[in-house]
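# Examination of the molecular architecture
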Amino acid sequence: MTKLAIYPGSFDPITNGHLDIIQRGAKIFDQVIVTVFNNQSKTPLFSVEERVELLKQSTVHLENVTTDSCAGLVMDYAKSKNAQAVLRGLRAVSDFEYEMQITSMNRKLNEEIETFFMMTNNQYSFLSSSMVKEVAKYHADVSDLVPPPVDKALKAKFS
C-alpha cells in the first residue's frame with residue numbers, strides 16, 4: 001500500500017522552511033500532496049492558483065510530490081485522496097499548542113488518518129510567510145528565505 005501524506009497550508013508564499021518539510025516528508029512517504037487551503041482569517045498576497053503554481057515550480061525536483069488546492073476540510077480532502085497521514089511542520093514550541101488543537105479536531109473528524117509533526121530545520125525556525133511578505137514589501141533581500149520562483153514572484157508583486 002502506498003503511504004500517502006497530505007501537507008496542508010496556506011503557503012502564501014512557500015518558504016524554505018516549508019520546502020524543508022516537503023523534502024524531508026518526501027523521503028518518508030511514498031507520495032506527498034502539498035495542498036493549498038485558503039485560510040479565511042488571512043488576506044492572501046497570492047491567489048490560490050498562483051500559490052499552487054509557485055509550489056509546483058519549487059518542488060519540480062521532487063518526483064513523489066504533487067500540488068493541489070482545496071476549499072473544504074483537510075480531513076475530508078485527505079479521505080478523498082485515500083491518505084494515511086497529514087504532515088504538519090513545527091517551527092517552535094509556540095506552534096505546538098495551535099497545532100495540537102487542530103490535530104485534536106482532525107482526529108475527531110477522522111481517527112483513521114494520523115497526523116505527523118516534523119520540526120523544521122533550526123535555520124528556518126524564525127521564518128513565516130507573513131514575515132517574508134513584510135520584509136519583501138520593503139524590497140529587502142529574501143532570496144535566502146524562499147525558493148527562487150517565489151523570490152521572483154515577490155519582486156514582481158512589490159515592484
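A brief structural summary. (Residues numbered from 1 in each chain as written. Predicted model: local features only at pLDDT ≥ 70, side-chain atom pairs only at ≥ 80, totals over all residues. Heavy atoms only, no water.)

## Considering the overall build of the protein
Put simply, the test is: Helix and strand assignments follow DSSP, with helices taken as H or I runs no shorter than four residues and strands as E runs no shorter than two, numbered in order from the N terminus. We take the radius of gyration over the C-alpha atoms and set the globule estimate at 2.2 Å times the residue count to the 0.38 power. We call two residues contacting when some pair of their heavy atoms lies within 4.5 Å. Here the Shrake-Rupley method, with its probe set to 1.4 Å, supplies the accessible areas, and only the displayed protein chains count as covering residues. Neither His nor the chain ends contribute to the count of charged residues, in which Lys and Arg are positive and Asp and Glu negative. Note on charges: their place is set at NZ of Lys, CZ of Arg, CG of Asp or CD of Glu.
Helix and strand counts for the protein stand at six helices and five strands. In the protein, the succession of α and β elements from N to C terminus is β-α-β-α-β-α-β-α-β-α-α. For 159 residues, the compact-globule estimate of 2.2 N^0.38 gives 15 Å, and the protein sits close to it at 15 Å. When its C-alpha atoms are laid out on the principal axes, the protein stretches across 45 × 35 × 30 Å. Considering only intrachain contacts with a sequence separation of at least 6, the fraction spanning at least 24 residues in the protein is 77%. For the protein, the exposed area adds up to about 9000 Å²; of that, 53% sits on carbon and sulfur atoms. Distance between charge centres in the protein, computed from 17 positive and 19 negative side chains, equals 1 Å.

## Description of unusual backbone geometry
Omega for the bond connecting Asp-12 with Pro-13 falls within 30 degrees of zero, at -5 degrees, which places this linkage in the cis form. Looking at the element boundaries, Pro-13 is found in the loop between strand S1 (4–9) and helix H1 (16–28). Although it is not a glycine, Asn-82 adopts a positive phi angle of roughly 60 degrees. Relative to the assigned elements, Asn-82 resides in the loop between helix H3 (74–80) and strand S4 (85–90).

## Focus on the pattern of salt bridges
Defined as follows: Any carboxyl oxygen of Asp or Glu within 4 Å of a side-chain nitrogen of Lys or Arg constitutes a salt bridge here. Throughout this description, buried means an accessible area under 20% of the type-specific maximum (1.4 Å probe, protein chains only), exposed means over 50%, and partly exposed covers the range between.
Applying the stated criterion across every chain yields a total of eight salt bridges. Glu-50 is the partner of Lys-157 in a salt bridge, and the nearest nitrogen-oxygen pair spans 3.3 Å. Pair noted here: Lys-157 is in helix H6 (residues 148–157) and Glu-50 is in helix H2 (residues 48–58), with a separation of 107 residues, a long-range link. Here Lys-157 falls in the partly exposed class, since its relative accessible area comes to 34%.

## Some remarks on H1
Quick note on the threshold: To estimate the expected span of a helix, subtract one from its residue number and multiply by 1.5 Å. Under the rule applied, a polar contact is a pair of N or O atoms within 3.5 Å (in protein, one hydrogen donor and one hydrogen acceptor; residues adjacent in sequence only if both atoms are side-chain atoms).
Spanning 13 residues, H1 covers 19 Å between terminal C-alpha atoms, matching the ideal 18 Å at 1.5 Å per step. For H1, the full list of buried residues reads Asn-16, Gly-17, His-18, Leu-19, Asp-20, Ile-21, Ile-22, Gly-25 and Ala-26. Where H1 begins, the capping side chain belongs to Thr-15, and its oxygen is found 3.2 Å from the backbone nitrogen of Gly-17.

## Side note on the nonpolar core
As a rule of thumb, nonpolar side chains are buried together in soluble globular proteins. Keep this limit in mind: Among the buried residues, those of types Ala, Val, Leu, Ile, Met, Phe, Trp, Tyr and Cys that are joined through side-chain atoms within 4.5 Å form a nonpolar core.
Tyr-7, Ile-22, Val-34 and Leu-154 are the most contacted members of the largest nonpolar core, which has 33 residues in total. If you list the elements that add at least two residues to this core, you get S1, H1, strand S2 (31–37), H2, S4, helix H5 (129–137) and H6. Excluding its chain neighbours within four sequence positions, the residues that come into contact with Val-34 are Tyr-7, Phe-11, Ile-22, Leu-55, Val-65, Thr-66, Thr-67 and Asp-68. Within the second largest apolar cluster, eleven residues are counted, among which are Ile-6, Phe-37, Val-74 and Tyr-77.

## Some thoughts on the sheet that holds S4
Spelled out, the test is: Any two strands with at least two DSSP bridges between them are considered paired. Every axis in this analysis is a line fitted to C-alpha atoms, fitted for helices over the stretch in contact. Angles between the N-to-C directions lie between 0 and 180 degrees.
Taken in spatial order, the five strands of this open sheet run S3-S2-S1-S4-S5, and their pairing is parallel. Either end of the sheet is taken by a strand with one partner, and the two such strands are strand S3 (65–70) and strand S5 (114–119). Averaged over all adjacent pairs, the angle separating strand axes in this sheet is 30 degrees, with direction ignored. In this structure, S1 lies alongside S4, joined through two bridges in parallel fashion. Residue pairing in the sheet places Ala-5 in a bridge with Ala-85 of S4.

## Some details on the packing of aromatic side chains
In plain terms, the rule: For Phe, Tyr and Trp, where Trp contributes only its six-membered ring, two rings pair if their centres lie within 6.5 Å, and the inter-plane angle classes them as stacked under 30 degrees, edge-to-face over 60, or tilted in between.
Applying the stated rule across the entire model yields four aromatic pairs. Measuring from ring centre to ring centre gives 5.9 Å for Phe-37 and Tyr-77, while their planes differ by 90 degrees; the resulting arrangement is edge-to-face. Here Phe-37 is found in strand S2, whereas its partner Tyr-77 is found in helix H3, with 40 residues between them in sequence. Classification of Phe-37 as buried rests on a relative accessible area of 11%. Take Tyr-77: its relative accessible area is 6%, and that puts it in the buried class. Measuring from centroid to centroid gives 6.1 Å for Phe-96 and Phe-117, while their planes differ by 55 degrees, and the two rings are tilted. Pair noted here: Phe-96 is in helix H4 (residues 93–109) and Phe-117 is in strand S5, with a separation of 21 residues, a long-range link. Given the relative accessible area of 30%, Phe-117 is considered partly exposed.

Read these as layout, nothing more, since geometry by itself doesn't imply function.
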